[in-house]
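As a plain string of letters, each chain reads:
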Amino acid sequence: MRSRSERRQARRLALRAAFPHTIPVLTGFLFLGVAYGVLMSSKGYGPVWSTLMSAIGFGGSMQFVAISLLTAAFDPAQAFFLSCMVNARHLFYGLSMLEKYRGLGLARIPLVYTLCDETFSLVSTVEPPPGVDRKYFYLSISLLDYAYWVGATALGGVLGHLLPFDFTGLDFALTALFVVLFLEQWKKPENRPAGVIGVFAAAVSVVIFGGDNMVLPAMALIVAALLLGRDKLCR
């Protein structure tokens, strides 16, 4: 069993190794989080509310959807349905991370709680360097991304009261962030088949179901394709 100083040193090494991988997420979350905080302020919810929503809910896109729910008549059934639809992809994320997080003990609790699209994209493709503790490496990525989002929304909530600018279109940073993450994965030839499957499934779903209803069908197609490919490899 390692001593306290050894654990502290292991955490430092993991943090230094993880931080460069999270820079694209930091950039995207900075703009997106500020946009969310500003939008919350424009609806009458101050920095405390936007920060708490991010720290507790940590829902990303669902938080933007929740703004309209907060400003309309409260409908629990609608809120529940929308949350399930928007966040259904996390079911697939969680299942795919079972093996990755196996054997990490209580660290799995914050890892599961802070799992989001961007963290999933990083953790599923990046391996800890030699000599870096696997648990602390994944924790560092997850907690850094979480801190970026919460901090950016707090900053946006404060700036929303001070800056009289039009922030229309600022949420395009989410699209730009995913493009960057996709390109980072595309650099590795072994990750390209999964990228092609994802693009193809999304394109088919948009054509058949439309842009507003394509998320769940696209996820189902991706899972079906991956399971089919896995079965063929196992034979």
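Everything that follows concerns the structure shown earlier in this document.
An account of the accompanying structure is given in this report. Computed from a prediction, not measured in an experiment: that's the story for all the values here.

**Considering unusual backbone geometry**
Working step 1: Here the phi dihedral of phenylalanine 58 falls at roughly 45 degrees; this positive angle occurs in a residue that is not glycine.
Working step 2: Counting through the fold element by element, phenylalanine 58 comes out in the loop between α2 (47-57) and α3 (61-70).
Working step 3: Classification of phenylalanine 58 as buried rests on a relative accessible area of 11%.

**Some remarks on the packing of helix α1 (residues 4-42) against α2**
Working step 1: Axis separation between α1 and α2 bottoms out at 9 Å; the angle between their running directions is 130 degrees. Overall, the two elements α1 and α2 adopt an arrangement that is oblique. Taken as a pair, α1 and α2 cross one another with a handedness that is right-handed. Here Tyr36, Gly37 and Met40 of α1 lie close against α2, whose contacting residues are Trp49, Ser50, Met53 and Ser54.
Working step 2: Tallied by class, residues from the contact of α1 with α2 come to 4 nonpolar, 3 polar and no charged.

**Some points on a nonpolar patch on the surface**
Working step 1: The grouping of Val179, Phe182, Leu183, Trp186, Val196 and Val199 at the surface amounts to a nonpolar patch, some 510 Å² of accessible area in total.
Working step 2: Elements that contribute at least two residues to the nonpolar patch include exactly α9 (173-186) and α10 (192-209).
Working step 3: The leading source of residues in the nonpolar patch is α9, at 4 residues.
Working step 4: Note that valine 196 resides in helix α10.

How each quantity is defined
- Residues numbered from 1 in each chain as written.
- Predicted model: local features only at pLDDT ≥ 70, side-chain atom pairs only at ≥ 80, totals over all residues.
- Heavy atoms only, no water.
- Helix = DSSP H or I, 4+ residues; strand = E, 2+ residues; numbered from the N terminus.
- Buried < 20%, exposed > 50% of the residue type's maximum accessible area, 1.4 Å probe, protein only.
- Axes fitted to C-alpha atoms, helices over the stretch in contact; angles between N-to-C directions.
- Parallel < 35°, antiparallel > 145°, perpendicular 65-115°, else oblique.
- Left-handed = near helix turned anticlockwise from the far one by under 90°.
- Contact = heavy atoms within 4.5 Å.
- Nonpolar A, V, L, I, M, F, W, Y, C, P; charged D, E, K, R; others polar.
- Patch = residues over 30% accessible without salt bridge, like charges linked within 9 Å, V, L, I, M, F, W, Y side chains within 5 Å.
- Areas by Shrake-Rupley, 256 points an atom, 1.4 Å probe, with all protein chains shown as cover.
- Salt bridge = Lys/Arg side-chain N within 4 Å of Asp/Glu carboxyl O.

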